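Here are the chains, one letter per residue:
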Amino acid sequence: MTEHAQAIERFFTDEAAIEELLRPFTELTDQPQLDGGLLVGRWHALGLPQLPAEFDAARACRWYVEALTGKRQALELLRGHWQAQTAAHRNQLLEQMRGPWAEWNLDAYARAMRDWYQVLDISTLEMTQSQDLEAKPIRLSDIFIPQDARRSRPRRSLPRDYMEALRKHAARGDGEALAEVLGDDAGLDSGWDKAKREPFFDILSASDVQHLVVLGDPGAGKSCLARMMALGLLEGFGGDANADGKMRPWLERMAGHLPLLIELRKFVAWEAKGGRDGVLGYLHHLGNEHGFGLNQADLDRKLKDSASLVMFDGLDEIVDAAERDTMADRIVGFARLYARTRVVVTARVAGFDQRPFVLRASGFTIVTLDELSPKQIERFSETWFRLTLRGNDAVARQRHAHLIDSVKTRPQLAALAGNPLLLTILAIVARGRELPGERAKLYDHALRVFCHQWDFRRNVQLPDDSPL
């Protein structure tokens, strides 16, 4: 009994198990259901003692839910307590900002950011069988997988599965083939291989990092990452809380930083229509338009005196090379002027190649988002099917198992699954049917997303000769 008591204590420190056990509190439904298979799987994954032969996971889950729902008043009280705890995290973060940013209506600002960025937009990815997902919005914080990054950048544009094949070829004695393909990028590729994977949020909040360039492949999740930085600092999302309810270390280290997200394609469009006074003028415009205004002079003063995180998302989406170079110079100038401000720039690797050292020479740390690890892929898949197939746990487990088995046994799918956007496409397809045996069909859909819907919906107009 003592052995199982200790095992249960260990079990209750597992984030995936705790998240499942909290579903009656976090889901506003009269008939919450738990995934007994998931809980048993987590028990075994933690290496805990063998469960008794007579243990019935489905029955235990029903008992647990019935014990709570039978005490409806208690359930509502507990649910309210959980929601209050989440709100307390949010209020704690906002209160630390209110002092230096007293003139800013932080509550209105946080509401606007939630309205803009909290719901995951999958409309550009959907196929006929996934349209019902629109009726069941998925919160970004619920599905987001914290990514790893390396303090380096890879070769310019070679697909990673192709590079892996080249390395294997070189390992068999044809090193010249690898050097010939890489050319001047050979040093970059060597640096990338030697750089270790680190949790991105650890890099972001490190004391030795003030300005940061975040590079990534198309679909690597750069924009979602920028949104999670902003929402995390404003909300203290449950998705960014430890199992014991405490905030993540990166949020504790950066508490009080006001996040400001500049989507560069929108900023450039605003200036093209006559917007003036640069970044501060744009923020002033957004504040007036959405009711959380701070005048330009105050904003200038506060950015110089107070902690903030300013994110410039999508440098590569400025298609004209000369305009992109000019914007890079403007961002560098902004970072120098507001020395207390943490500055983050996101760009595709290809979009940053035109001037690979301009930001590095100005004190920016360059990191590149790494591919999702097998463990991260599995976590995303498990969460995706649980959220999109609510109330149908058996089907969710079956679809999850199919996707993960396909990724493990089919190298062509494994090459796709490390990319968050492509993994989402795989998950959407796998939700409704078996993944097709012909990878050309998957590639066709992915290419249509990348080359038409994705950039079209993001208002990116590419010239015919663009390398992007």
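Overview of the structure. Predicted model only: the values in this text are computed from it and were never measured. (Residues numbered from 1 in each chain as written. Predicted model: local features only at pLDDT ≥ 70, side-chain atom pairs only at ≥ 80, totals over all residues. Heavy atoms only, no water.)

## Examining the overall build of the protein
When you go through the protein residue by residue, the secondary structure sums to 24 helices and 7 strands. Buried residues in the protein amount to 50% of all 468 residues. Surface summary for the protein: the accessible area is close to 22500 Å², and the carbon and sulfur share equals 51%. (Helix = DSSP H or I, 4+ residues; strand = E, 2+ residues; numbered from the N terminus. Buried < 20%, exposed > 50% of the residue type's maximum accessible area, 1.4 Å probe, protein only. Areas by Shrake-Rupley, 256 points an atom, 1.4 Å probe, with all protein chains shown as cover.)

## Here's the deal with the packing of helix α7 (residues 106-117) against helix α13 (residues 222-235)
Put simply, α7 and α13 touch, their axes get as near as 10 Å, and they point 145 degrees apart. The two elements α7 and α13 cross, and the hand of that crossing is left-handed. Side by side, α7 and α13 meet where Tyr109, Ala110, Met113, Arg114 and Tyr117 of the first sit next to Arg227, Ala230, Leu231, Leu234 and Glu235 of the second. Residues that form the contact of α7 with α13 fall into these classes: 7 nonpolar, no polar and 3 charged. (Axes fitted to C-alpha atoms, helices over the stretch in contact; angles between N-to-C directions. Left-handed = near helix turned anticlockwise from the far one by under 90°. Contact = heavy atoms within 4.5 Å. Nonpolar A, V, L, I, M, F, W, Y, C, P; charged D, E, K, R; others polar.)

## Section: the nonpolar core
The tendency in soluble globular proteins is for nonpolar side chains to be buried as a group. Counting residues in hydrophobic clusters, the biggest one holds 97 residues, and the most contacted among them are Phe200, Leu204, Met229 and Phe312. Sequence-distant contacts of Phe200, defined by excluding residues within four places in its chain, comprise Gln147, Asp148, Ala149, Leu212, Val214, Leu225, Met229, Val367 and Leu369. Core analysis: the next-biggest nonpolar cluster, separate from the first, contains 12 residues, Ala7, Phe11, Leu21 and Trp43 among them. (Core = buried A, V, L, I, M, F, W, Y, C linked by side-chain atoms within 4.5 Å.)

## What to know about helix α16 (residues 278-290)
Counting along an α-helix, one turn takes 3.6 residues, and residues three or four places apart therefore face a common direction. The terminal C-alpha atoms of α16 lie 18 Å apart, and with 13 residues this matches the ideal 18 Å at 1.5 Å per residue to within 8%. For α16, the complete set of buried residues consists of Gly278, Val279, Leu280, Gly281, Tyr282, Leu283, Leu286 and Gly287. Looking at the buried side of α16, the elements it contacts are β4 (258-263), α15 (264-272), α17 (296-305), β5 (308-313) and α18 (321-337). Among the residues trailing α16, Gly291 stands out with phi positive, at a value near 85 degrees. (Expected span 1.5 Å × (residues − 1).)

## Comments concerning the environment of Phe267
Tracing the backbone shows Phe267 in helix α15. Sequence spacing of Phe267 and Gly278 is 11 residues, and the spatial spacing of their C-alpha atoms is 8.7 Å. Sequence-distant contacts of Phe267, defined by excluding residues within four places in its chain, comprise Ile262, Gly278, Val279, Tyr282, Met327 and Arg330.

## A word on the packing of α16 against α17
Where α16 meets α17, the closest approach of the two axes is 9 Å, and the angle between their N-to-C directions is 120 degrees. Taken together, the axis directions place α16 and α17 in an arrangement best described as oblique. Where α16 crosses over α17, the handedness of that crossing is right-handed. Touching Leu280, Gly281, Leu283 and His284 of α16 are Gln296, Leu299, Asp300 and Leu303, all from α17. Taken together, the residues of the contact of α16 with α17 sort by class into 4 nonpolar, 3 polar and 1 charged. (Parallel < 35°, antiparallel > 145°, perpendicular 65-115°, else oblique.)

## Focus: the pairing of strand β7 (residues 364-369)
Within β7, 5 of the 6 residues are buried, leaving the element largely enclosed by the surrounding structure. Across 2 bridges, the pairing between strand β1 (residues 148-150) and β7 is antiparallel. Pairing of Ala149 across the sheet is with Leu369, part of β7. The pairing of strand β3 (residues 211-216) with β7 spans 5 bridges and is parallel. Across the sheet, residue Val214 finds its bridge partner in β7, namely Val367. (Pairing = 2+ DSSP bridges.)

## A few points about the packing of aromatic side chains
According to the stated counting rule, one finds 10 aromatic pairs in the structure shown. Ring centres 5.6 Å apart and planes at 70 degrees place the aromatic pair Phe200 and Phe201 in the edge-to-face group. In this structure Phe201 comes out as buried when scored by relative accessible area, which is 6%. Look at Phe267 and Trp270: their rings are 6.2 Å apart centre to centre, the planes differ by 25 degrees, and that puts the pair in the stacked class. Here Phe267 and its partner Trp270 are both found in helix α15, 3 residues apart, which amounts to about one turn of the helix. Looking at Trp270, the relative accessible area reads 16%, which means it is buried. An aromatic cluster is present here, built from Phe144, Phe200, Phe201 and Trp250 joined pairwise through their rings. (Phe/Tyr/Trp six-rings, centres within 6.5 Å; stacked < 30°, edge-to-face > 60°.)

## Topic: unusual backbone geometry
Backbone geometry places Asp277, a non-glycine residue, at a positive phi of 70 degrees. Structurally, Asp277 can be placed in the loop between α15 and α16. Exposure remark for Asp277: the relative accessible area of 52% places this residue in the exposed category.

## Some details on the sheet that holds strand β6 (residues 342-348)
Taken together, the 7 strands give an open sheet; going across it, the order is β2-β1-β7-β3-β6-β5-β4, and neighbouring strands pair in mixed fashion. Two strands in the sheet have a free side with no partner beyond their single neighbour: β2 (198-199) and β4. One ladder, built from 2 bridges, connects β1 with β2; its direction is antiparallel. If you follow Asp148 over to β2, its bridge partner there is Pro199.

## Side note on the pairing of β5
Judged by how many residues are buried, β5 sits mostly within the fold: 6 of 6 residues are covered. Taken together, the 6 bridges between β4 and β5 define a ladder with parallel strand orientation. Following the sheet pairing, Ile262 is matched in β5 by Phe312. With α18 bridging β5 and its parallel neighbour β6, the resulting β-α-β unit is right-handed. (Right-handed = clockwise from strand over helix to strand, strands pointing away.)

## A few points about the pattern of salt bridges
Under the counting rule described, the total for this entry stands at 16 salt bridges. A salt bridge links Asp208 to Arg151, with the nearest nitrogen and oxygen atoms 3.5 Å apart. Of the two residues, Asp208 sits in the loop between α12 (200-204) and β3 while Arg151 sits in the loop between β1 and α9 (160-171), which places them 57 residues apart along the sequence. A salt bridge links Glu263 to Arg265, with the shortest nitrogen-to-oxygen separation between them at 3.8 Å. Counted as one network, the salt bridges with shared partners bring together Arg227, Glu263, Arg265, Lys266 and Glu317. (Salt bridge = Lys/Arg side-chain N within 4 Å of Asp/Glu carboxyl O.)

## A short note on helix α21 (residues 393-409)
Compared with the 24 Å implied by 1.5 Å per residue over 17 residues, the 24 Å span of α21 between its first and last C-alpha is a close match. Of all the positions in α21, only Asp393, Ala396, Arg399, His400, His402, Leu403, Ile404, Ser406 and Val407 are classed as buried.

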